[in-house]
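# Structure assessment
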Amino acid sequence: TTPPTDSEPVGTGVVSEETCNALKQLFNGLNGNGWVISTGWSGTDMTSCCNGWFGVTCNNGAVTKIELPYNNLVGALPDVFGSIGTLTNLDLSHNQISGSIPVSLSANMANLRFLNLDVNSMGGDLPGFQNMPMLGSIHLKNNSFTGSIPDSWGSILTLTDIYLSNNNLTGPFPGAVLPLNQLVNLALDNNQINGVIPASLGSMTSLQTFNLKDNHILGPLPESIGNLTGLTSFDLSNNRLRGNISPNIGKLQKLKRIMLGHNGLNGAIPAEFGTLAALEYIQLNYNALNGEFPSFMAPRALGYCYMTPNQFQLCPDQTIVGNPDSMAFQCATDCIIGSTRPGAGSSIRVNMVTLATLAMVALGFVLIC
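Residues numbered from 1 in each chain as written. Predicted model: local features only at pLDDT ≥ 70, side-chain atom pairs only at ≥ 80, totals over all residues. Heavy atoms only, no water.

## Some words on the overall build of the protein
When helices and strands are tallied, the protein shows five helices and 25 strands. Going through the 369 residues of the protein one by one, you find that 50% of them count as buried. Pairs at least 24 residues apart make up 48% of the contacts formed inside the protein by residues separated by at least 6 positions. Put simply, the protein shows about 15,800 Å² of open surface, and 53% of that area lies on carbon and sulfur atoms. (Helix = DSSP H or I, 4+ residues; strand = E, 2+ residues; numbered from the N terminus. Buried < 20%, exposed > 50% of the residue type's maximum accessible area, 1.4 Å probe, protein only. Contact = heavy atoms within 4.5 Å. Areas by Shrake-Rupley, 256 points an atom, 1.4 Å probe, with all protein chains shown as cover.)

## Quick notes on the state of the cysteines
Counted by the stated rule, this structure contains three disulfides. Between the sulfur atoms of C305 and its disulfide partner C331 the distance amounts to 2.0 Å. As the torsion about the S-S bond is roughly 90°, the C305-C331 disulfide counts as right-handed. Of this pair, C305 sits in strand β22 (residues 304-306) while C331 sits in the loop between α4 (327-330) and β24 (333-334); the two residues are 26 residues apart in sequence, bridging distant segments of the chain. Its relative accessible area of 12% is what places C305 among the buried residues. The class for C331 is buried, based on a relative accessible area of 1%. (Disulfide = S-S within 2.5 Å.)

## So, the packing of aromatic side chains
Each aromatic ring pair is specified by the distance between its two centres and by the angle formed by the two planes. As enumerated under the stated definition, the model contains ten aromatic pairs in all. An angle of 70° between the planes, with centres 5.0 Å apart, marks the rings of W35 and W41 as edge-to-face. Summarising the burial analysis for this pair, W35 and W41 share the class buried. Seen from their ring centres, F293 and F312 are 5.0 Å apart, and the 85° between their planes marks the pair as edge-to-face. Within this pair, whereas F293 is found in the loop between β21 (288-292) and β22, its partner F312 is found in strand β23 (residues 311-314), the two being separated by 19 residues in sequence. (Phe/Tyr/Trp six-rings, centres within 6.5 Å; stacked < 30°, edge-to-face > 60°.)

## Describing the sheet that holds strand β18 (residues 257-259)
In space, the twelve strands of this open sheet follow the order β1-β2-β4-β6-β8-β10-β12-β14-β16-β18-β20-β22, with mixed pairing throughout. Each having just a single partner strand, β1 (56-59) and β22 make up the two edges of the open sheet. This sheet shows a mean twist of 10° between the axes of neighbouring strands, independent of strand direction. Sheet analysis places strand β6 (residues 114-116) next to strand β8 (residues 137-139), joined by three bridges and oriented parallel. From the neighbouring strand, L115 faces β8, where its bridge partner is I138. (Pairing = 2+ DSSP bridges. Axes fitted to C-alpha atoms, helices over the stretch in contact; angles between N-to-C directions.)

## What about the nonpolar core?
The nonpolar side chains of a soluble globular protein tend to be buried with one another. Ranked by size, the top nonpolar core spans 97 residues in total, and within it I66, F210, F234, L260, F273 and I282 carry the most contacts. Listing elements by their share of this core, those giving two or more residues are α1 (17-29), β1, β2 (62-67) and α4. Broken down by element, this core gets its largest block of residues, five residues, from α1. (Core = buried A, V, L, I, M, F, W, Y, C linked by side-chain atoms within 4.5 Å.)

## Examining unusual backbone geometry
With omega at -10°, the peptide bond leading from T308 into P309 counts as cis. With respect to the helices, strands and loops of the structure, P309 is situated in the loop between β22 and β23. Residues other than glycine seldom take positive phi values, yet H94 does so here, at roughly 55°. By secondary structure assignment, the location of H94 is in the loop between β4 (89-91) and β5 (96-99). The phi dihedral of Y286 falls on the positive side, at around 55°, and the residue is not glycine.

## Focus: the environment of L201
Summarising the element assignment, L201 is placed in the loop between β13 (192-196) and β14 (209-211). Between the C-alpha atom of L201 and that of E223, which follows or precedes it by 22 residues, the distance is 9.8 Å. Those residues within four positions of L201 in sequence are excluded, and the remaining contacts are F173, L178, L207, F210, I225 and L228.

## Topic: the sheet that holds strand β7 (residues 121-125)
Spatially, the eleven strands line up as an open sheet ordered β3-β5-β7-β9-β11-β13-β15-β17-β19-β21-β23, and their pairing is parallel. Each end of this open sheet is capped by a strand with a single partner; those strands are β3 (74-76) and β23. When strand polarity is set aside, the average angle formed by the axes of neighbouring strands in this sheet is 15°. Inspection of the sheet shows strand β17 (residues 240-243) paired to strand β19 (residues 264-267) by two bridges, in the parallel sense.

## Details of α1
Given a rise of 1.5 Å per residue, 13 residues ought to cover 18 Å, and the 18 Å separating the end C-alpha atoms of α1 matches this to within 8%. Along α1, the positions that sit buried rather than exposed are T19, C20, A22, L23, K24, L26 and F27. One or two positions beyond α1, positive phi appears at N31, with a value near 60°. (Expected span 1.5 Å × (residues − 1).)

## Concerning the environment of N167
Topologically, N167 is positioned in the loop between β10 (161-163) and β11 (168-172). In this structure N167 comes out as buried when scored by relative accessible area, which is 5%. N167 sits 20 residues away from G147 along the chain, and the two C-alpha atoms are 9.7 Å apart. Once you skip the residues sitting within four places of it in the chain, N167 turns out to touch L140, K141, N142, N143, S144, F145, N190 and N191. In this structure the side chain of N167 is engaged in a polar contact, spanning 3.4 Å, whose partner is the backbone nitrogen of N143. A polar contact is formed between the side chain of N167 and the backbone nitrogen of F145, at a distance of 2.9 Å. (Polar contact = N/O pair within 3.5 Å; in protein donor to acceptor, adjacent residues only side chain to side chain.)

## Here we look at the confidence of the model for the protein
Per-residue pLDDT for the protein has a mean of 88; in total, 87% of the residues score no lower than 70. Taken together, the stretch residues 1-12 has pLDDT below 50 and engages in 35 contacts with residues farther than four places along the chain or on a different chain. Confidence over residues 337-363 falls short of pLDDT 50; this stretch has 44 contacts with residues more than four positions distant or in other chains. (pLDDT = per-residue confidence, 0-100.)

Structure representation (structure tokens):
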């Protein structure tokens, strides 16, 4: 979304007075005189809103789009959308809109496909969006919405995008999203969602981005994660995950970014991790991963790797550690002490027997002295 310009094309046609009056109420209720651009909106002809009103697009006299992002809209949304039932796109993002989503926008908008109210000051419970058979994208991030995703969203099978980052959502992982087998992008990060990730997540096979970072998610990663073969970005960092990383992670061959840092994951990094050829960014730091650091080669696309701290007891053979193409080299991991230096560089294999011998020699020297 970009700031408004004054050259945006608009549709034309005769439109009903009821529709233009509804738009006029939006103008009056959202501090229209203070908008960045308000061309046409301050007029008195209530049949002209399809002819030169900034941000309004029409099709044969029917208002289909209202797009006013970054336009200094201030105040609560008037409950007027029942008179704009032909609307397909509403973008009022990056403004200063407050209050809740009005009833007339929360149901029976049969033609609405795209709703964007990102980066405002709205709140209250999320609406049900009932009887909206065309709705594809819901953008409500960076607001103050509370509660959880209503069950009714599970019947909107046209949904491909849900963005609810940076709100005050609570409760367990929202079961309402699980039937949405066309969902491509799900962003629920920076909320207060708790409980475990259900195994039925594996049915959401269209997912490409899955972001639940900075919540209170518990338990292990479900084995069914391997079913999400379309995933390109997967972020569960800053939660309370426990248990091993499932070998099924190796089935995610399109994965470019995996972020699991700041959890309590343990066990070894599975060998299947080495088959993820598309990986560009890895974050596994601040866990309790252990065993021998893997000896597989790093993906060619890898640009960033964060592995510290963990609890790896052993490094692979020196021929692997010193190989610039290896994961051990690219992640610059020091085993035993579980530290990682930033950037690529050589790794140090710590030999416990040598350390113990040196300690005993030092102690004997002190006793002799």
